[in-house]
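Inside the fold
What follows is the residue order along each chain.
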2 protein chains.
Amino acid sequence: MQPNELVSLLKKHNLKNTKVRREILAVFSHAERPIDAIYLTENIKVNKSSIYRELKVLLDKGIILEIEFGDGKKRYEFSSLKHHHHLICTNCKSVEDVTLNQDLWLEEKSIEEKTSFKIERHNLEFFGLCANCK
Amino acid sequence: MQPNELVSLLKKHNLKNTKVRREILAVFSHAERPIDAIYLTENIKVNKSSIYRELKVLLDKGIILEIEFGDGKKRYEFSSLKHHHHLICTNCKSVEDVTLNQDLWLEEKSIEEKTSFKIERHNLEFFGLCANCK
DNA sequence: TACTTTATCGCAACTTAGTTGCGTTTGTCA
DNA sequence: TGACAAACGCAACTAAGTTGCGATAAAGTA
Ligand SMILES: [Mn+2]
Ligand SMILES: [Mn+2]
Ligand SMILES: [Zn+2]
Ligand SMILES: [Zn+2]
């Protein structure tokens, strides 16, 4: 994310341009996989409560979204990325992005008609062995 | 689960027929939604480490499977149930089972061809508002 | 620039879910 | 009825995340 993009993003959401915030967003900008809070605390010199509070702010503003790998640590990615899922190697823990040919819109439409449940989001991740590990 | 089914299940997996084990399996038998460890500790008079250890045994044996709702508590269901997913109401926390018209086999096959990643399982849950809450 | 307001931050204490070491009990099979 | 491993209880511990509160620092205004 370029400095000018950052400024307009923060302005748009009425967020102050602080050091902690800039550093967290910089990590997300350069990240090639979803990032967890622990990683941020280890890579930014800032108190952990600031990390967790900032993640909540960014999540509430819709700037990032929460991803669940099921290992007890929440992960986050920019929500502006194209909707996708992940291939998680259970051996080496590598993570690849993947998009479905036909995400789940049709299935969700069908479910909503059958059940009158209003679906707002889904969490889908795949687990297995990457090319190297299999 | 009937008593004779239970005995043969335990025998098949070389598991001792203990009180704790019977009670945990009884809870799963009557459950209408995935069960978490806390629920078990609140409903069975047994030490929590026994609960967690037993869940690990049942998981390793493939008798139950782990489900992730993303709220920090692992949930478990009998693995013998027909493969399905869940509709989780973000308002009242109700949980409904749901099966896809065409689960994800085609998508997984396509992903495996494109990426040479070997998919072994997926975790898919839907979030939104149930009929009552929407 | 100085002043005011309020979001943000650091710190420490706390909570919740889950884990581990170890000594004791119990189910199973001979 | 032993022998033996699996299972259990207990207490202490870990890891991820939360909270209260006083201090600091952006951002707007005079
Ligand atoms: Mn991604
Ligand atoms: Mn279910
Ligand atoms: Zn791998
Ligand atoms: Zn509801």
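Residues numbered from 1 in each chain as written. Chains lettered and ligands numbered in written order. Predicted model: local features only at pLDDT ≥ 70, side-chain atom pairs only at ≥ 80, totals over all residues. Heavy atoms only, no water.

**A look at the interface of chain B and chain A**
Taken together, the contact between chain B and chain A spans 37 residues of the former and 37 residues of the latter. Approximately 3200 Å² of surface area, both sides summed, lies buried where chain B meets chain A, with 58% of it carried by carbon and sulfur atoms. Considering only the side of chain B, the residues that lose the most area to chain A are Glu107, Phe117 and Phe127 of chain B, jointly responsible for 20% of the buried surface there. For the pair chain B and chain A, the interface holds 0 salt bridges. Taken together, the connections running from chain B to chain A amount to 20 residue pairs in polar contact (both at pLDDT 80 or more). Those elements giving two or more residues to the side of chain B that touches chain A turn out to be β4 (85-89), β5 (95-98), α5 (105-115) and β6 (118-129) of chain B. The element best represented in the side of chain B that touches chain A is β6 of chain B, accounting for 12 residues. Residue composition of the side of chain B that touches chain A, grouped by class: 15 nonpolar, 11 polar and 11 charged. Bridge count between strand β6 (residues 118-129) of chain A and β6 of chain B: 11 bridges; the pairing is antiparallel. (Contact = heavy atoms within 4.5 Å. Buried area = accessible area lost by both parts, 1.4 Å probe. Salt bridge = Lys/Arg side-chain N within 4 Å of Asp/Glu carboxyl O. Polar contact = N/O pair within 3.5 Å; in protein donor to acceptor, adjacent residues only side chain to side chain. Helix = DSSP H or I, 4+ residues; strand = E, 2+ residues; numbered from the N terminus. Nonpolar A, V, L, I, M, F, W, Y, C, P; charged D, E, K, R; others polar. Pairing = 2+ DSSP bridges.)

**With respect to the protein's contact with DNA strand D**
Around DNA strand D, 22 residues are found, and the nearest of them are Asn17 and Lys48 of chain A together with Thr18, Arg21 and Ser50 of chain B. Of all DNA strand D atoms lying within 4 Å of any protein atom, the proportion belonging to sugar or phosphate reaches 58%. A distance of 3.3 Å separates a base nitrogen of DNA strand D from a polar atom in the side chain of lysine 16 of chain A. One of the backbone nitrogen or oxygen atoms of lysine 74 of chain A is found 3.0 Å away from a phosphate oxygen of DNA strand D. Elements that contribute at least two residues to the surface near DNA strand D include exactly α3 (37-43) and α4 (48-60) of chain A together with α2 (19-30) and α4 (48-60) of chain B. (Near = heavy atom within 4 Å.)

**With respect to the domain arrangement of chain A**
Note: interface size is frequently given as the accessible area lost on complex formation between the parts. Residues and elements named next belong to chain A. For chain A, the assigned domains are domain 1 (3-78) and domain 2 (85-128). Domain 1 and domain 2 are separated by 23 Å when their C-alpha centres are compared. Contact with domain 1, which involves 7 residues of that partner, is made by 9 residues of domain 2. For the pair domain 1 and domain 2, the summed buried surface comes to about 600 Å²; carbon and sulfur atoms form 54% of the total. Three residues, Arg33, Glu68 and Phe69, lead the burial of domain 1 against domain 2; their summed loss comes to 68% of the area buried on that side. On inspection of domain 1 and its partner domain 2, the count reaches 0 salt bridges. Counting across the domain 1 and domain 2 interface gives 3 residue pairs in polar contact (both at pLDDT 80 or more). Examining the composition of the side of domain 1 that touches domain 2, we find that 3 residues originate from one element, strand β2 (residues 64-68), more than from any other. Residues belonging to the side of domain 1 that touches domain 2 are distributed by class as follows: 3 nonpolar, no polar and 4 charged. (Domains from an automatic or database assignment.)

**A short note on the protein's contact with DNA strand C**
Among the 22 residues in the neighbourhood of DNA strand C, the closest are listed as Thr18, Arg21, Val46 and Arg53 of chain A together with Lys48 of chain B. For DNA strand C, the fraction of protein-proximal atoms (within 4 Å) that sit in sugar or phosphate groups is 60%. One of the side-chain N or O atoms of tyrosine 52 of chain B is found 2.9 Å from a phosphate oxygen in DNA strand C. Arginine 53 of chain B is positioned with one of its side-chain polar atoms (N or O) 3.2 Å from a base oxygen of DNA strand C. When residues of the surface near DNA strand C are traced back to their parent elements, those giving at least two are α2 (19-30) and α4 of chain A together with α3 (37-43) and α4 of chain B.

**Observations concerning the packing of α2 of chain B against α4 of chain B**
All names here are of chain B. Orientation of α2 relative to α4, taken along the N-to-C sense of each, is 70°, at an axis distance of 11 Å. With respect to each other, α2 and α4 are oriented roughly perpendicular. Like other packed secondary-structure pairs, α2 and α4 cross with a definite hand, here right-handed. Facing α2, whose interface residues are Arg21, Ile24, Leu25 and Phe28, α4 presents Ile51, Glu54, Leu55, Val57 and Leu58. The residue makeup of the contact of α2 with α4, split by class, is 7 nonpolar, no polar and 2 charged. (Axes fitted to C-alpha atoms, helices over the stretch in contact; angles between N-to-C directions. Parallel < 35°, antiparallel > 145°, perpendicular 65-115°, else oblique. Left-handed = near helix turned anticlockwise from the far one by under 90°.)

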